[in-house]
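Chain by chain, the residues:
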Amino acid sequence: MAVPTNGSAPANVEEAVPAATISNAYKNWYRFSRNPTAVIGAVIVLIVIACALFAPWIAPYPEQVDNFVDFRARHLPPSWDHWFGTDNVGRDVLTRVIYGYRISLLLVVVVLGLSIPFGVMLGLMAGYFGGWVEIVIMRLTDIALAIPPLVMALAITAVLSPNLMNAMIAISVLWWTWHTRLIYSITRTLKTQEFVEAAEILGASKVHILFKELLPNCVSAISVKATLDAGFVILIGASLSFLGLGVQPPTPDLGTMVATGADYLPDRWWQSVMPGMAILFAILGFNLLGDGLRDMFDVEDVR
Amino acid sequence: MSETPLLEVSGLTKHFPIRGGVIQQRVGAVRAVNDVSFAIKKGEVFGLAGESGSGKSTIARMVVGLYRPTAGTVHFDGSDVSGLIGSRDYRKQVQMVFQNPGSSLNPRRTIAQSVAVPLIFHDYPKAKIADRVAELLEMVELPRSFAIRYPHELSGGQKQRVAIARALAVEPRLIVLDEPTSALDVSVQAKIIDLLAGLAGELGLTFLFISHDLSLMRNFCSRVGILYLGRLAETGPTVDVFGSPAHPYTQALIGAVPVVSDEEAALKPSIPALSGEIPSPSRIPKGCSFHTRCPFAFEPCRQTDPVFTVVGQGHEARCHLLEERTASAATVPVSPVERSAHP
Amino acid sequence: MSAPLLDVAGLSVDFATYGRQARVLDGVSLQVRAGPHAALVGETGCGKSVTLRAIMGILKSPPASIAAGSIGFDGADLLTMPARQRDGLKGTAMSMVFQDPMTALNPVFTIGDQLATIIKYADRRMGVRRDKQGRKQRVIEVLDQVRMPDPERIFGAYPIMLSGGMRQRILIAMALLNEPRLLIADEPGTALDVTTQAEILALLNDLVAARSLALLMITHNLGVVREMADYVYVMYAGTIVEHGPTEALFERPSHPYTQALIECVPKLSGTSTFKGIDGTIPDYVDPPVGCRFRPRCPYRHDACFERPPNVTVGANHVAACWLRQPAEEVA
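Residues numbered from 1 in each chain as written. Chains lettered and ligands numbered in written order. Predicted model: local features only at pLDDT ≥ 70, side-chain atom pairs only at ≥ 80, totals over all residues. Heavy atoms only, no water.

A.B. asks: Would you take a moment to explain the overall build of chain B for this structure?
C.D. replies: Scanning chain B from N- to C-terminus turns up 13 helices and 12 strands. Over its C-alpha trace chain B gives a radius of gyration of 21 Å, about what one expects of a compact globule, namely 20 Å for 343 residues. The principal-axis extents of the C-alpha atoms in chain B amount to approximately 70 × 55 × 40 Å. Partitioning the intrachain contacts of chain B with sequence separation of at least 6 by distance along the chain shows that 64% fall at a separation of at least 24. Accessible surface, chain B as shown: approximately 13,400 Å² in total, 53% of it carbon and sulfur. (Helix = DSSP H or I, 4+ residues; strand = E, 2+ residues; numbered from the N terminus. Rg over C-alpha atoms; globule rule 2.2 N^0.38 Å. Contact = heavy atoms within 4.5 Å. Areas by Shrake-Rupley, 256 points an atom, 1.4 Å probe, with all protein chains shown as cover.)

A.B. asks: In this structure, what is going on with the overall build of chain C? I would like to understand it.
C.D. replies: Secondary structure summary: chain C contains 10 helices and 12 strands in total. Against the globule reference of 20 Å for 331 residues, chain C gives a C-alpha radius of gyration of 21 Å, in line with a compact fold. Along the longest, intermediate and shortest principal axes, the C-alpha atoms of chain C span 65 × 50 × 45 Å. Residues counted as buried form 56% of the 331 residues belonging to chain C. Pairs at least 24 residues apart make up 64% of the contacts formed inside chain C by residues separated by at least 6 positions. Surface accessibility of chain C: about 13,900 Å² in total, with carbon and sulfur atoms responsible for 51%. Within chain C, one finds 34 positive and 34 negative side-chain charges whose respective centroids are separated by 6 Å. (Buried < 20%, exposed > 50% of the residue type's maximum accessible area, 1.4 Å probe, protein only. Lys, Arg positive; Asp, Glu negative; His and termini not counted. Charge placed at Lys NZ, Arg CZ, Asp CG, Glu CD.)

A.B. asks: Sorry, what's going on with the pairing of strand E4 (residues 64–73) of chain C here?
C.D. replies: Successive side chains on a regular strand alternate, one facing one side of the sheet and the next facing the other. All names here are of chain C. Relative to E4, strand E1 (residues 6–17) runs antiparallel, the two sharing eight bridges. Within E4, the position partnered with Ala9 by the bridge is Ser70. Two strands pair when backbone bridges link them, and E4 and strand E5 (residues 76–77) are joined in this way by two bridges, in the antiparallel orientation. Note on E5: the bridge partner recorded for Phe73 is Ala76. The loop that links E4 with its antiparallel partner E5 comprises two residues; one of these, Asp74, has a positive phi angle of about 55°. (Pairing = 2+ DSSP bridges.)

A.B. asks: Honestly, the nonpolar core in this entry has me stumped. Any pointers?
C.D. replies: Side chains that are nonpolar tend, in soluble globular proteins, to be buried together. Grouped together as the largest cluster of nonpolar side chains are 175 residues, with contacts concentrated most on C:Leu6, C:Leu30 and C:Leu216. Ignoring anything within four residues of it in the chain, the contact list for C:Leu216 reads C:Leu6, C:Leu30, C:Val32, C:Ala38, C:Ala39, C:Leu40, C:Ile55, C:Leu183, C:Ile184 and C:Ala185. (Core = buried A, V, L, I, M, F, W, Y, C linked by side-chain atoms within 4.5 Å.)

A.B. asks: Whenever I open this one, a nonpolar patch on the surface confuses me. Can you help?
C.D. replies: All names here are of chain A. There is a patch of nonpolar side chains on the surface, built from Ile49, Leu53, Phe54, Trp57 and Ile58 and spanning about 550 Å² of accessible area. Residue assignment for the nonpolar patch shows that the elements contributing at least two residues are helix H3 (36–53) and helix H4 (55–58). Ile58 sits in the partly exposed class, given a relative accessible area of 40%. (Patch = residues over 30% accessible without salt bridge, like charges linked within 9 Å, V, L, I, M, F, W, Y side chains within 5 Å. Salt bridge = Lys/Arg side-chain N within 4 Å of Asp/Glu carboxyl O.)

A.B. asks: Sorry if this is basic, but what is going on with helix H9 (residues 194–201) of chain A here?
C.D. replies: Counting along an α-helix, one turn takes 3.6 residues, and residues three or four places apart therefore face a common direction. All names here are of chain A. For H9, the buried fraction is high: seven of the eight residues fall into the buried class. Listed as buried for H9 are Glu194, Phe195, Val196, Glu197, Ala198, Ala199 and Ile201. Just past H9, the residue Gly203 takes up positive phi, approximately 90°.

A.B. asks: Honestly, the pattern of salt bridges in this entry has me stumped. Any pointers?
C.D. replies: Side chains that differ in sign of charge can pair as their charged atoms come close. Enumeration over the complete set of coordinates arrives at 37 salt bridges over all chains. With its nearest N and O atoms 3.1 Å apart, the salt bridge here joins A:Arg181 to A:Asp142. Of this pair, A:Arg181 sits in helix H8 (residues 164–190) while A:Asp142 sits in helix H6 (residues 131–145), placing them 39 residues apart in sequence. Judged by relative accessible area, which is 38%, A:Arg181 ranks as partly exposed. C:Asp278 is the partner of B:Lys191 in a salt bridge, and the nearest nitrogen-oxygen pair spans 2.5 Å. Placement of B:Lys191 in helix H6 (residues 186–203) and of C:Asp278 in the loop between helix H10 (256–264) and strand E11 (310–314) is noted, with the two residues assigned to different chains.

A.B. asks: I would appreciate a short explanation of the interface of chain B and chain C in the present structure.
C.D. replies: Counting from both sides, the interface comprises 38 residues of chain B and, opposite them, 38 residues of chain C. Together, B:Asn219, B:Val260 and B:Glu277 form the three largest contributors to the area buried by chain B at its contact with chain C, with a combined 21%. At the junction of chain B and chain C, the tally comes to three salt bridges. Summed over the shared surface of chain B and chain C, the result is 17 residue pairs in polar contact (both at pLDDT 80 or more). Looking at the side of chain B that touches chain C, the element that brings in the most residues is H6(B), giving seven residues. Counted by class, the side of chain B that touches chain C contains 17 nonpolar, nine polar and 12 charged residues. (Buried area = accessible area lost by both parts, 1.4 Å probe. Polar contact = N/O pair within 3.5 Å; in protein donor to acceptor, adjacent residues only side chain to side chain. Nonpolar A, V, L, I, M, F, W, Y, C, P; charged D, E, K, R; others polar.)

A.B. asks: How should I be thinking about the confidence of the model for chain C in this particular structure?
C.D. replies: Per-residue pLDDT for chain C averages 89, and the proportion of residues at 70 or more is 98%. Reported for the predicted complex are a pTM of 0.86 and an ipTM of 0.88. (pLDDT = per-residue confidence, 0-100.)

A.B. asks: Please explain the sheet that holds strand E2 (residues 25–40) of chain B as it appears in this structure.
C.D. replies: Strand pairs in the sheet, formed through backbone hydrogen bonds, run parallel or antiparallel to each other. Residue and element names in this part refer to chain B. Judged by pairing direction, the sheet is antiparallel, and its four strands sit side by side in the order E2-E1-E4-E5 without closing on themselves. The strands lining the two open edges of the sheet, one partner per strand, are E2 and strand E5 (79–80). Bridge analysis of strand E1 (residues 7–20) against strand E4 (residues 71–76) gives five bridges, and the strand direction is antiparallel. When the bridges of E4 are listed, Glu8 appears paired with His75.

A.B. asks: Looking at this structure, how should I read the pairing of E4(B)?
C.D. replies: All names here are of chain B. Alignment of E4 against E5, held across two bridges, turns out to be antiparallel. Residue pairing across strands places His75 opposite Asp80, the latter belonging to E5. Between the antiparallel neighbours E4 and E5 lie two residues, among them Asp77 with a positive phi of about 50°.

A.B. asks: Explanation requested: the side chain of A:Glu197 in the structure shown.
C.D. replies: For A:Glu197, the location among the structural elements is in helix H9. For A:Glu197, the residues in contact, after removing those within four places along its chain, are B:Arg61, B:Leu66 and B:Phe98.

A.B. asks: Would you mind showing me how to read the sheet that holds strand E12 (residues 315–318) of chain B here?
C.D. replies: All names here are of chain B. Taken together, the eight strands give an open sheet; going across it, the order is E6-E7-E8-E3-E9-E10-E12-E11, and neighbouring strands pair in mixed fashion. The open sheet terminates on both sides in strands that have one partner only, identified here as strand E6 (94–97) and strand E11 (308–312). Neighbour to neighbour, the strand axes of the sheet diverge by 20° on average, direction disregarded. Here strand E7 (residues 174–178) pairs with strand E8 (residues 206–211) via five bridges, running parallel. From the neighbouring strand, Ile175 faces E8, where its bridge partner is Phe207. Contacts from helix H5 (residues 156–168) reach E6 and E7 within the one sheet, and its direction differs from that of E6 by about 175°. Seen against the sheet, helix H9 (residues 248–256) touches strand E9 (223–228) and strand E10 (231–237) and runs at an angle of roughly 100° to E9. (Axes fitted to C-alpha atoms, helices over the stretch in contact; angles between N-to-C directions.)

A.B. asks: Which parts of the structure should I look at to understand the packing of helix H11 (residues 254–262) of chain A against helix H12 (residues 270–297) of chain A?
C.D. replies: Helix-helix packing is described using two parameters, namely the angle between the two axes and the distance between the axes. Residue and element names in this part refer to chain A. Where H11 meets H12, the closest approach of the two axes is 7 Å, and the angle between their N-to-C directions is 155°. One finds that H11 runs roughly antiparallel with respect to H12. Here H11 and H12 pass one another in a crossing that is left-handed. Here H11 contributes Leu254, Gly255, Met257, Val258, Gly261 and Ala262 to the contact with H12, which in turn contributes Gln271, Ser272, Pro275, Gly276, Ala278 and Ile279. Broken down by class, the residue content of the contact of H11 with H12 amounts to seven nonpolar, five polar and no charged. (Parallel < 35°, antiparallel > 145°, perpendicular 65-115°, else oblique. Left-handed = near helix turned anticlockwise from the far one by under 90°.)

A.B. asks: What is the right way to look at the confidence of the model for chain B in this model?
C.D. replies: Reading predicted coordinates in detail is not appropriate for stretches of low pLDDT. For chain B, per-residue confidence averages 88 on the pLDDT scale, and residues scoring 70 or more make up 94% of the total. Below pLDDT 50 for its whole length, residues 331–343 of chain B participates in 18 contacts with residues either more than four positions away or in separate chains.

A.B. asks: What should I look at first to understand unusual backbone geometry in this one?
C.D. replies: Peptide bonds are, in most cases, trans, and in most cases residues other than glycine have a negative phi. Cis geometry is adopted by the peptide bond preceding A:Pro266, which originates at A:Leu265 and carries an omega value of -5°. Assignment of secondary structure puts A:Pro266 in the loop between H11 and H12. Look at B:Asp35: it is not a glycine, yet its phi comes out positive at around 50°. The backbone phi angle of C:Glu187 is positive, close to 45°, even though this residue is not glycine. Looking at the secondary structure, you find C:Glu187 in the loop between strand E7 (182–186) and helix H7 (194–211). Classification of C:Glu187 as buried rests on a relative accessible area of 1%.

A.B. asks: Would you mind showing me how to read the packing of aromatic side chains here?
C.D. replies: Ring pairs (aromatic) are described by centroid distance and by the angle formed between their planes. Under the counting rule described, the total for this entry stands at 19 aromatic pairs over all chains. Between B:Tyr249 and B:Phe290 the ring centres are 5.2 Å apart and the planes differ by 65°, which places this aromatic pair in the edge-to-face class. With B:Tyr249 in helix H9 and B:Phe290 in the loop between helix H10 (262–265) and helix H11 (299–303), the pair connects residues that are 41 residues apart, well separated along the chain. When its relative accessible area of 2% is taken as the criterion, B:Phe290 is described as buried. The ring of C:Phe155 has C:Lys136 sitting right over it, with the charged end atom 4.9 Å from the ring centre. (Phe/Tyr/Trp six-rings, centres within 6.5 Å; stacked < 30°, edge-to-face > 60°. Lys NZ or Arg CZ within 6 Å of the ring centre and 35° of its normal.)

Here's what the structure looks like:
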């Protein structure tokens, strides 16, 4: 029944030039590498990840991370010895910031690791099966989306005891909804494509269609979303710690450091501003990278 | 004629509900296919031609089991499979090649992965799958090396060959071709049609060929059915339907085809150009659904739906002019063009 | 013969693609005059759309850049004239019928709004004073000319309320609003059903004839070309391989590509052979040396490694092929 629209000549060079000679990976890399903000984002994210992975080797004073007190060296302003200064018990702020990235990234990995598979799975099912499956999943998602994540996390950590584990659970409880929404909308479009109908006719199982046909087509959108998410998770984690509901001292956490350092503002600004800048730096990196990936993959559904 | 047809559909009907309002209640229906019957003999190419809204793709999707018919029966090789459409056994017998080679292959899967899908799900021995994929690619005249490529690295024609290879994987007996070449250039189309014709002979395949391209149909199909608004207007051997079209719609359709030689132009029936456009399948005109555009419409056309009149060997058309004709004299059928001179 | 209104000469266009340079048009020349309908025909990726964009001045640069040639319009070169002057011609002296009736209209504005806006901007550029009522009058007049039933009602209608054929008429009306001298039709009618297509083509024919416009059709459909055009340019891989009067070109195609292409079209007479053309369109980054059709040509020989000459094979009939001998004494 579809109106044939054959024979439209190439509107751009991608169609004019046979694609066979240029791989998709190369095209993606070409687009990415010519997008300066994306490259900056990627560099920042790599720095943050390197800090987290190699903290003991990078940090100037690894012994000063947690239970270390040196009252002679407390409240030292930034200097050659202590680039970010020292805190109220004499610990090197730079060292603690570098270790702090470990906590932040752990939070990101656990939260996204829990919520993405769950959210994606529900989104795929709602989009592909439709009917009551769709109604149940999507209404549930709507309800969950109506709850502000920070408020929910505050409630959960307040009820349970405040620690890193509970903070991660609290954030994950609502995080999947965004992925369900995203994957649902992509799947709805994909399922009308002929390759899905073809798989049905060829006798493929529902599991095959969900995970082998539909899921691979969602991967670029998920990776963009996950990258953008990372920044938000870091921010929410830091907010919880700032409020004393997340990671507890003396564990080096960026949010906690900002909170503790805030007592000494404005004179001893480095104690809160430096960790604050570190949070900003990481979030900026993930957001720039996420936007860059979005342009590169040309996905539109992602917020 | 005594031979059992490979596929026989009778009274095939599909209505899609139109929903609206607060509780998404049914407010109407798109009557996409209405009471369509035809039979396809083993080894033949049966063509269904029609313009947009004719229901040709809906019929294709019902035959392969993507849509469940609202009414009607489907017999495959003599047995009633109406309830079995969509089952594994049926899918092994009937396959489909889609219109758009760009979207019928998953962009994220290699050619080999796509072609292997039917093999995996029809219990083909795992160890032999790679060989079978290579063999299938060879059958559609593609190099084995294409197995590791992705669809975007292939041209439209090559993608359509892959889609054909995939449909052949389970050794079906009937392949539904839903406008398999309409998205391709004519030079590529010729190659694909040539390939399909070759495969049909080699493997003893039967085709249900869906198209809007009448010239293509004239060359590829042994019998054709002309659809208008979800109903068959005319059906018969290709040579007869094109040589002496009986239904005014068929005449107009053939008459409107742009051709590339005087020889062909001479074959076109001379009939006044149709006015207006095809009505929406959600508002099918009463009586003969074609009467709103038919240059020969007279009173009965607005009142009652015509029935099929036999106009030749296996050649039937659904038109009041023909009914009248056969009622008055059971002689050789005359086309409505001549008939219209003295209604 | 009158001087051509549109005179494209030796036009070459390069595209920068992932760090590489592709010559997508290579020395394209074509002429369009008022009166005889010209058609540019070719398959997907042959460069006909790039040609159209270059003429209309809507090529995106980068990645596109014009490497050589000129586009003459009424004696002036569009490529060298000031941008302002060229913009003044777009949509007025030269206008275009868009291909897709489903997407070329903005769904949130009425037909009347969209057409009146086009007049408004053209008036502003041309310094014409016309009030709202005047614009509406003009829109209704043109809607009537494209045989729209009840133009007053259509004026207030939204695109969604109209059928494909009606929208195609709106697109034609749109192109005629500002009384163009050159009309470029991109794949006219090919998105429509054949019975509707026939009606639209007949309409276009009448409108162009009544105004003695210069018409250039861009299409892949050889049947449409034969029915509509008087003069045909056949394009392959960014080059014009053959051009000639329609009848001569279909009766005596002289370039192997034209011959093969006509051969490929399914025949209503049921005599098609389905030989097709071997191979695919070449990579524009590294096109074949000499004749670009050489790798796919059944008659290729050593000479084809040189760029083929334009051989006059009949009256106004030229083929770019080494096989052809110049016709004796052309009338």
